[in-house]
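One-letter residues, chain by chain:
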Amino acid sequence: MDQPHAIISVRNLIKNYADFNAVKGISFDVYNHEIFGLLGPNGAGKTTTLEIIETLREKTSGEIYVDGLSVDKDANAIKRIIGVQLQAAGYYPNLNLVELLELFAGLYGVKVKPMEMLEKVNLQDKAKAKYKALSGGQKQRFSIATTLLNSPKIIFLDEPTTGLDPQARRNLWDLISEIRDQGTTIVLTTHYMDEAEQLCDRVAFVESGKIIALDSPDNLIDQLISSGFERKKEVKKANLEDVFINLTGQQWREG
Ligand SMILES: Nc1ncnc2c1ncn2[C@@H]1O[C@H](COP(=O)(O)OP(=O)(O)OP(=O)(O)O)[C@@H](O)[C@H]1O
């Protein structure tokens, strides 16, 4: 098999906030066209790492290349090929979804067809709705649409499914997988292990500013099992979430 192409390369990244060492010399590659997850507890350094790669935050030291561009020398060029989620505060309350997309496209200096963008995230029926009138899952889908405005090579999603119900989460997993299948690389953070297992091609576990494991979910689980690990109780073949999904259906919901 060909060696995978690293579209993001992070080497010895260190970030200090005053005398606090938040990121302690981490190195990893993100491959082209994969969903790469940064997992770990609160305060592990995931968002800091993401924002440094996005060129939104200064690093203390280390080297980062995004599609061959250096964060030190080519920050503006990097901004043009990545998609980041905008803060909800930027969603002007009096504009509807089409108007917001037109506004953001104008800021990027690109032309888009707002209805096509909304169709990509299954929000075409909400074209005239205001952002604040959307459900939690719809808000996240709209936010993902905004990351795609400049046809980026890579999108960054910080905890994309936090606070969503099981159906909305699964819908978002499907959407994120479709975006990957269409050729976009995705880097996301999550606290949810089931999400990482279902969605991510590879994951890095971050703890106290260090990467303590990095591989595909399958390989990580196989390594654990081959080390002699056994679960104490036999696991049931379904869980309460499966019951919920089975009772309520898995279609897109507009609520
Ligand atoms: N601007 C800042 N000034 C000082 N300390 C900061 C700053 N931003 C983050 N930190 C600290 O750096 C550490 C890493 O924070 P970061 O937000 O990167 O963690 P995280 O893994 O994304 O956590 P969470 O899952 O809670 O979002 C935390 O201890 C945090 O308090």
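Residues numbered from 1 in each chain as written. Predicted model: local features only at pLDDT ≥ 70, side-chain atom pairs only at ≥ 80, totals over all residues. Heavy atoms only, no water.

- Where an unreviewed UniProt entry is consulted, the chain appears under the name ABC transporter ATP-binding protein, with the organism given as Pedobacter antarcticus 4BY.
- Its UniProt record gives the chain the following Subcellular location (unreviewed entry) comment, quoted word for word: "Cell membrane".
- What UniProt states about the chain under its Sequence similarities (unreviewed entry) heading is, verbatim, "Belongs to the ABC transporter superfamily." (UniProt positions renumbered as here; feature names shortened; annotations may be inferred.)

**A word on the sheet that holds strand 1 (residues 6-17)**
- Reading across from one edge, 2-1-4-5 is the order of the 4 strands in this open sheet, with antiparallel pairing throughout. Both outer strands of the open sheet, strand 2 (20-31) and strand 5 (69-70), are each paired with one neighbouring strand and no more. (Pairing = 2+ DSSP bridges. Helix = DSSP H or I, 4+ residues; strand = E, 2+ residues; numbered from the N terminus.)

**Considering the pattern of salt bridges**
- Counted by the stated rule, this structure contains 9 salt bridges.
- D29 is paired through a salt bridge with R11; the nearest N and O atoms lie 2.9 Å apart. Within this pair, whereas D29 is found in strand 2, its partner R11 is found in strand 1, the two being separated by 18 residues in sequence.
- Counted as one network, the salt bridges with shared partners bring together R169, D194 and E195. (Salt bridge = Lys/Arg side-chain N within 4 Å of Asp/Glu carboxyl O.)

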